[in-house]
Amino acid sequence: MRFLLGNSLAPENRAANYSTMASEVVAATAPKPRGGGGRFCTICNERRAALKRPKTLEQICKECFYEVFEDEIHRVIVDNHLFKPGERIAIGASGGKDSTVLAYVMSELNRRHGYGLDLFLLSIDEGITGYRDDSLETVKRNEIQYGLPLKVVSYKELYGWTMDEIVKLIGLKNNCTFCGVFRRQALDRGAALLKVDKLVTGHNADDIAETVLLNILRGDIARLSRCTSITTGEDGPIPRCKPFNWALNLLFTYAYFKRLDYFSTECIYSPNAYRGFAREFIKDLERIRPRAILDIIKSGEDFRISTFTKMPEQGNCERCGYISSQKWCKACVLLEGLNRGLPKLGIGRSRGLNNERNKDTKETNGTKALQSKQCGTLDF
Ligand code: SF4
């Protein structure tokens, strides 16, 4: 095994490991044309090198890259005891690069290492014409390509609204707040319909670093304390795991070399606001210092929450029963606003609906924190 990853490592070793991975990422670019034939892979010494590992300046071939990458994910799964034999696992599948690589790698590793998992694809149809309908076609092809049964759950059937209808009503200002909150619940409800034990998502190191930064910027201590965990929601209905927690844009290289069938168009309602700026900021940092992303995650992991910080108490929504620290869950508050023709009801400061239970929790978990949440798949 060339790399060891995971929370089971001592912090100092993990830090060293992060450094290795960051270097790998810089290396993981598409192969450059080589005049005069190019070098051989320093691992197998048989095939032509396709990418370079700058830390060691090793040139490696595609096949050795696949092996290194897949071994790395396998070690993350094993070291963190992510799954047990016989478990039913839903793979959150959007048709995008990350979740497509996740579906492919999970099915490969499950077969190769005999994990004994029943794997399913779970997709959410937000009802975004010209975006989600096209990406769902990709997931349907993945269903056949990887032989994984697919379940699609739509906002329309769960909430009575599509994102197209919501955007028509509210415009493009807070659309991602609605979409992110609804998606989080939709994934849980889809996973419950599939009767799975766990849900895995393709969130990678870039996503996690972005979420750490956003939670700091919002002062959202409750989320900050858990957003770097590889498994979350263990006390909830269905735990979520992120096997790519420490994988950087190796996913692009992997998908590119493997010629995986994925959908790469951005959501037509994607705003260039708060999360977009955080993403750009992190990308700028990464260009100057490639390990910045992994260092942000490490900082997130090492934060200690003061014992004086009031944390929200988990309960259940009085309306739908979904896990919530307030009287009504966020989805019910937003839905109530939509159905009453008052879409701003759940945006910004909360008045009325959750006032009683808000008193203690609004600094860390109030609707204030929802205001500028972007593509909400990161809402861990
Ligand atoms: Fe939903 Fe993401 Fe599109 Fe926002 S960018 S509307 S969260 S799919």
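Residues numbered from 1 in each chain as written. Predicted model: local features only at pLDDT ≥ 70, side-chain atom pairs only at ≥ 80, totals over all residues. Heavy atoms only, no water.

Student: Is there a simple way to explain the nonpolar core in this structure?
Tutor: In this structure, Phe-65, Phe-69, Phe-83, Ile-91, Val-101 and Tyr-254 are the most contacted members of the largest nonpolar core, which totals 59 residues. Those residues within four positions of Phe-69 in sequence are excluded, and the remaining contacts are Val-101, Val-105, Phe-244, Leu-250, Leu-251 and Tyr-254. Val-181, Ala-191, Phe-263 and Leu-334 belong to the second largest nonpolar core, which has 38 residues in total. (Core = buried A, V, L, I, M, F, W, Y, C linked by side-chain atoms within 4.5 Å. Buried < 20%, exposed > 50% of the residue type's maximum accessible area, 1.4 Å probe, protein only. Contact = heavy atoms within 4.5 Å.)

Student: Quick question: what am I supposed to make of the UniProt feature "binding site: ATP" (unreviewed entry) in the protein here?
Tutor: Per the UniProt entry, the sites bearing "binding site: ATP" (unreviewed entry) are Gly-92, Ala-93, Ser-94, Asp-98, Ile-124, Gly-202 and Asp-207 in this numbering. Look at Ser-94 and you get partly exposed, because its relative accessible area is 30%. Not counting chain neighbours up to four residues away, the residues in contact with Ser-94 comprise Ser-99, Arg-132, Ser-135 and Val-139. A distance of 3.1 Å separates the side chain of Ser-94 from the backbone nitrogen of Gly-96, its partner in a polar contact. Within the secondary structure, Asp-98 is located in helix α3 (residues 97-113). In contact with Asp-98, not counting residues within four places along its chain, are Gly-202, Asn-204, Asp-207, Phe-244 and Leu-251. (UniProt positions renumbered as here; feature names shortened; annotations may be inferred. Polar contact = N/O pair within 3.5 Å; in protein donor to acceptor, adjacent residues only side chain to side chain. Helix = DSSP H or I, 4+ residues; strand = E, 2+ residues; numbered from the N terminus.)

Student: Which parts of the structure should I look at to understand the environment of Thr-100?
Tutor: Locating Thr-100 in the fold gives a position in helix α3. Residues Thr-100 and Asp-261 lie 161 residues apart in sequence; the distance between their C-alpha atoms is 7.5 Å. Ignoring anything within four residues of it in the chain, the contact list for Thr-100 reads Gly-95, Asn-142, Tyr-146, Leu-260, Asp-261 and Tyr-262.

Student: What am I meant to see in the pattern of salt bridges here?
Tutor: When the charged atoms of two side chains with opposite charge come close together, those side chains can pair. Under the definition given, this model contains 23 salt bridges. Measuring nitrogen to oxygen at the nearest pair gives 3.0 Å for the salt bridge that ties Glu-210 to Arg-279. On the criterion of sequence distance, the pair formed by Glu-210 in helix α8 (residues 205-218) and Arg-279 in helix α11 (residues 274-288) is long-range, its members being 69 residues apart. Using a relative accessible area of 3% as the deciding quantity, one classes Glu-210 as buried. One salt bridge in this structure joins Asp-302 and Lys-298, with 2.9 Å as the shortest N-O distance. Of the two residues, Asp-302 and Lys-298 both sit in helix α12 (residues 292-302), four residues apart, roughly one turn of that helix. Given the relative accessible area of 35%, Asp-302 is considered partly exposed. Within the structure, one salt-bridge network assembled from shared partners comprises Glu-70, Glu-108, Arg-111 and Arg-112. (Salt bridge = Lys/Arg side-chain N within 4 Å of Asp/Glu carboxyl O.)

Student: Please explain the packing of aromatic side chains as it appears in this structure.
Tutor: What characterises a pair of aromatic rings is the spacing of the ring centres plus the angle enclosed by the ring planes. Per the stated rule, a full pass over the model turns up 16 aromatic pairs. An angle of 50° between the planes, with centres 6.1 Å apart, marks the rings of Phe-69 and Phe-244 as tilted. Linking Phe-69 in helix α2 (residues 62-79) with Phe-244 in the loop between β8 (240-241) and α10 (250-258), this pair joins segments that are 175 residues apart in sequence. Note on Phe-244: relative accessible area 0%, which makes it buried. Relative to Phe-257, the ring of Tyr-256 has its centre 5.6 Å away and its plane inclined at 55°; by these criteria the two rings are tilted. Judged by its relative accessible area of 42%, Tyr-256 is partly exposed. Here the aromatic residues Phe-65, Tyr-66, Phe-69, Tyr-104, Tyr-146, Phe-244, Phe-252, Tyr-254, Tyr-256 and Phe-257 are joined through ring pairs into a cluster of three or more. The ring of Phe-40 has Arg-48 sitting right over it, with the charged end atom 5.7 Å from the ring centre. Its end group placed over the ring of Tyr-66, Lys-258 keeps NZ or CZ at 4.2 Å from the ring centre. (Phe/Tyr/Trp six-rings, centres within 6.5 Å; stacked < 30°, edge-to-face > 60°. Lys NZ or Arg CZ within 6 Å of the ring centre and 35° of its normal.)

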